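Chain by chain, the residues:
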Amino acid sequence: MLTAKNIVKNYAVDGKVVPVLKGVSLSIAEGEFVSVVGRSGSGKTTLLHVLATLIQPDGGELHFGDHDLRRLPEKKLNILRQADFSVIFQFHHLLPYLTVLENSLLSCMHRMKPVPKEAVERAYHCLGRVGLADKADRLPGNLSGGEQQRVAIARALVKSSKVIFADEPTGSLDKATGEQIMELLAGLHQDGMSLVMVTHEPEYAKLSERTVVIEDGMTKR
Amino acid sequence: MNILTIPARNIRRKPAKTLLLLLVFTLGVMSIVTLYQVSLVVGHNFEKKLTAFGANIVISPVRETLNIGYGGFQMGEMLVDFTYLPEEETVAAIRAIGLKDRISAVAPKLVTMARVGAEAVAVVGVRWPEERGIKSYWAAVGRFPEHEGEVLVGSKVSARMGLAEGSKTTLLGREFTVSGTLYETGSDDDTVILMDLTALQQLMDKPGATSFIEVAALCAGCPIEDIVAQLRGQLPGTEVKALQHIVNQRMASVHFIRNLALAVSLVILVTAGAMVGLSMLSAVNERKKDIGILRSLGFGKGQVFAIFCLEAGFIGMLAGLIGYLAGFAASFKVLELLALGEGITPSFSFVQLLAVSLFFGLVTVAAALYPSWKGAGIEPSAALVAL
Ligand SMILES: Nc1ncnc2c1ncn2[C@@H]1O[C@H](COP(=O)(O)OP(=O)(O)O)[C@@H](O)[C@H]1O
Ligand SMILES: [Mg+2]
């Protein structure tokens, strides 16, 4: 469903071109759970951002279903990001001045038109599913790291995204909390969502159906 | 919950910063509004004081003249018929025009010729309070007439005929006492004898008649042409003439005050606008992460742009609203302190209030345009990676 072919990405650092991805190919089937592992600085985050259309690659091809994502107009990309793709970052995924409920509904708030009632009800339901029903009106500031992560998961649930990209979702959490988050993510996979997860923990990578190793800007077989 | 929720909540998140920004901008708006209101009142009062230095509109009957020449002998322009304006009606009509608030003084006059011994002299009947209202520069040796039997003598007449304070003179068959002589004015007043209008009307057997009426109008709020047009409408059969040079002179002074206020306002506006722009610029840098989140959730560049502009615009509008009210209140205080409040007071207008808050909303949006555009242009991942 999501295919990347020969993805090349360079960064310019002090006028010098630093290659980060040197032709990465990767394909994710519908409902598949893929984990991405590799050393720090190997380009995992960059790859995830390329796949999630948050960054334009310098070369290669990227397709989602029938869509050529490298040539899709900005408007269509935005629609894709609003619904089909969800990104769960390591930290910082919530706007600190919006409540938990509002944060979970953020992708519906891009218009003057108020968020429909059904969406709000759905958001309450999803927050219930991640165990935050009683904290819907709190601000992120007084949530724990794990709780904040769960809001991001609830957001993906509200959107009923097709693909979820998670960048070290347990990286900043203690073991017990990390396990809870992993359980929730596995639940999403069970619901039929595709899941691409960058992780450091071999234990969590084992939960996936397939592990891709990034080394020196390439996928290792 | 819609896109407005985002800027609204962010404003609430940082009450101290928002309040500070609001305070600066409100103070700016307040000073501008105060300056404007004060300059209006000061300009008005200034003009009103200037009207004490002469009229700027003259109303006279339409005169029919005939150029007579006969057998090579030119007699020049001859008045066909000597017509008068009825005093009471005409003054009432002047006082009843739509722009009557702009009429500051109405001074009717009756002019005739009289003989003092062998010499001819012009005699002008005036209403003393009105006349002295528009000729505050008059000064007399002796005093101004206090009753019908007294006259005031122009400086040249006084010199020529030897009339001085206390002299008696017979004009048109009635004896008058000279109450005083006028210091030289450089105007026509130097060559005439001034007396009470009613007395002259009786002597001429023309009760209620006037030769012409001088009007002092305030032109700060509207063009003199409008006042003249309304007077013409009210007074058919008369000639209404604006003394443009006097009008222009006065308006120049009034406009100077206003332009000064405008220039200072502009400086304040630019300063306050720069503050908002600066604050938004730092906010954009501070909030790169927010932009990344929004962009990753499918917010378009335009929507991110709108969120930042709305945030600034909201502060501007609120500042405009509070600033207008505060400035309005402050202008009373300032006028009171300057002892300038008498006569006209600042006028509150709801439309003005709305216009001011809308305008300052736009100013802040304009100030936030560049930072917002910069913020919206950040690539979603760049905003997130920069953490
Ligand atoms: N915006 C950027 N500009 C320049 N270099 C970058 C940028 N983002 C990442 N890099 C560099 O690219 C390499 C890969 O980074 P990243 O994808 O974050 O790795 P990982 O997530 O595997 O730790 C690193 O060496 C990092 O320093
Ligand atoms: Mg990383």
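To be clear, the structure that these remarks concern was listed above.
Residues numbered from 1 in each chain as written. Chains lettered and ligands numbered in written order. Predicted model: local features only at pLDDT ≥ 70, side-chain atom pairs only at ≥ 80, totals over all residues. Heavy atoms only, no water.

## Quick look at the site of ligand 1
Residues and elements named next belong to chain A.
- Near ligand 1, the surroundings consist of 12 residues, among which Gly41, Gly43, Lys44, Thr45 and Thr46 are the closest.
- One of the backbone nitrogen or oxygen atoms of serine 42 is found 3.3 Å away from an oxygen atom of ligand 1.
- The contact in question runs from an oxygen atom of ligand 1 to an N or O atom on the side chain of threonine 46, over 2.5 Å.
- A total of 560 Å² of accessible area belongs to ligand 1 in isolation, and the protein chains cover 64% of it.
- Listed by contribution, the elements that provide at least two residues to the shell around ligand 1 are strand 1 (2–13) and helix 1 (44–51).
- Here the element with the most residues in the shell around ligand 1 is helix 1; it accounts for three residues.
- Classifying every residue of the shell around ligand 1 by side-chain character gives four nonpolar, six polar and two charged. (Near = heavy atom within 4 Å. Polar contact = N/O pair within 3.5 Å; in protein donor to acceptor, adjacent residues only side chain to side chain. Areas by Shrake-Rupley, 256 points an atom, 1.4 Å probe, with all protein chains shown as cover. Helix = DSSP H or I, 4+ residues; strand = E, 2+ residues; numbered from the N terminus. Nonpolar A, V, L, I, M, F, W, Y, C, P; charged D, E, K, R; others polar.)

## Side note on empty space enclosed by the protein
- In this structure the tally under the stated criterion is two cavities of 30 Å³ or more.
- In terms of lining residues, the largest cavity is bounded by 13 residues, among which B:Asn10, B:Lys14, B:Lys17, B:Thr18 and B:Glu311 are the most central.
- For the lining of the largest cavity, the residue count by class is five nonpolar, three polar and five charged.
- In this structure, the second largest cavity encloses a volume near 50 Å³.
- Together, A:Ser86, A:Val87, A:Ile88, A:Phe89, A:Ala152, A:Arg155, A:Ala156, A:Lys159, B:Ser296 and B:Leu297 line the second largest cavity.
- Mapped by element, the contributors of at least two residues to the lining of the second largest cavity are strand 6 (85–88) and helix 5 (145–159) of chain A.
- For the lining of the second largest cavity, the element with the highest residue contribution is helix 5 of chain A, accounting for four residues.
- Split into classes, the residues belonging to the lining of the second largest cavity amount to six nonpolar, two polar and two charged. (1 Å grid on protein atoms, 1.4 Å probe; cavity = no way out; pocket = protein on both sides within 12 Å on 5 of 7 lines; lining within 4 Å. Points joined across faces, edges and corners; volume = space filled by probe spheres on them.)

## So, the interface of chain A and chain B
- With 31 residues of chain A at the interface, the matching set in chain B holds 27 residues.
- One can count two salt bridges joining chain A with chain B.
- The salt bridge involving B:Arg295 is made with A:Glu74; its shortest N-O contact spans 3.2 Å.
- Linking chain A with chain B are nine residue pairs in polar contact (both at pLDDT 80 or more), by the criterion used here.
- Residue contributions to the side of chain A that touches chain B peak at four residues, all from helix 2 (residues 74–83) of chain A.
- Classifying every residue of the side of chain A that touches chain B gives 16 nonpolar, eight polar and seven charged. (Contact = heavy atoms within 4.5 Å. Salt bridge = Lys/Arg side-chain N within 4 Å of Asp/Glu carboxyl O.)

## Quick word on the nonpolar core
- The biggest cluster of nonpolar side chains holds 74 residues, and the ones touching the most others in it are A:Leu106, A:Leu185, B:Ile6 and B:Phe299.
- Once you skip the residues sitting within four places of it in the chain, B:Ile6 turns out to touch A:Leu95, A:Tyr97, A:Leu98, A:Leu106, A:Met109, B:Leu294, B:Phe299 and B:Ile307. (Core = buried A, V, L, I, M, F, W, Y, C linked by side-chain atoms within 4.5 Å. Buried < 20%, exposed > 50% of the residue type's maximum accessible area, 1.4 Å probe, protein only.)

## Structural notes on the pairing of strand 8 (residues 150–153) of chain B
Residues and elements named next belong to chain B.
- Burial along strand 8 is two-sided: Glu150 and Leu152 and Val151 and Val153, pointing in opposite directions, are all buried.
- Where strand 8 lies against strand 10 (residues 174–182), four bridges are found, and the strand directions are parallel. Its bridge partner lying in strand 10, glutamate 150 is registered against threonine 177.
- Judged from the three bridges that link them, strand 8 and strand 11 (residues 192–196) form a sheet pairing that is antiparallel. The partner of valine 153 across the bridge, within strand 11, is isoleucine 193. (Pairing = 2+ DSSP bridges.)

## Here's the deal with the sheet that holds strand 1 of chain A
Residues and elements named next belong to chain A.
- Ordered in space as 2-1-4-5, the four strands form an open sheet in which the pairing is antiparallel. Because the sheet does not close on itself, it has two edges, and the strands there are strand 2 (16–28) and strand 5 (67–68).
- Sheet strands touched by helix 1: strand 1, strand 2 and strand 4 (59–64). Its angle to strand 2, the strand with the most contacts, is close to 60°. (Axes fitted to C-alpha atoms, helices over the stretch in contact; angles between N-to-C directions.)

## Quick look at the pairing of strand 9 (residues 168–171) of chain B
Residues and elements named next belong to chain B.
- Alternating residues of strand 9 divide into Thr169 and Leu171, all buried, and Lys168 and Thr170, none buried.
- As paired strands, strand 9 and strand 10 are joined by four bridges and run antiparallel to one another. For threonine 169, the partnering residue across the bridge sits in strand 10 and is phenylalanine 176.
- Linking two consecutive strands that pair antiparallel, namely strand 9 and strand 10, is a turn of two residues; a positive phi of about 50° is found at leucine 172 within it.

## Some points on a nonpolar patch on the surface
- A cluster of nonpolar side chains, contributed by B:Phe314, B:Leu318, B:Leu321 and B:Ile322, occupies part of the molecular surface with about 310 Å² of accessible area.
- Here B:Leu321 lies in helix 10 (residues 301–337). (Patch = residues over 30% accessible without salt bridge, like charges linked within 9 Å, V, L, I, M, F, W, Y side chains within 5 Å.)

## Here's the deal with the sheet that holds strand 7 (residues 163–167) of chain A
Residues and elements named next belong to chain A.
- Spatially, 6-7-8-3-9-10 is the arrangement adopted by the six strands of the open sheet, whose pairing is mixed. Each having just a single partner strand, strand 6 and strand 10 (218–220) make up the two edges of the open sheet. Taking the axes of each pair of neighbouring strands and ignoring which way they run, one obtains an average angle of 25° across the sheet.
- Two elements, strand 6 and strand 7, share four bridges in a ladder whose sense is parallel. In the strand pairing of strand 7, valine 87 is matched with phenylalanine 165.
- On top of the sheet, helix 6 (residues 175–190) reaches strand 3 (33–38), strand 6, strand 7 and strand 8 (194–198); it is set at about 150° to strand 8, its chief contact.

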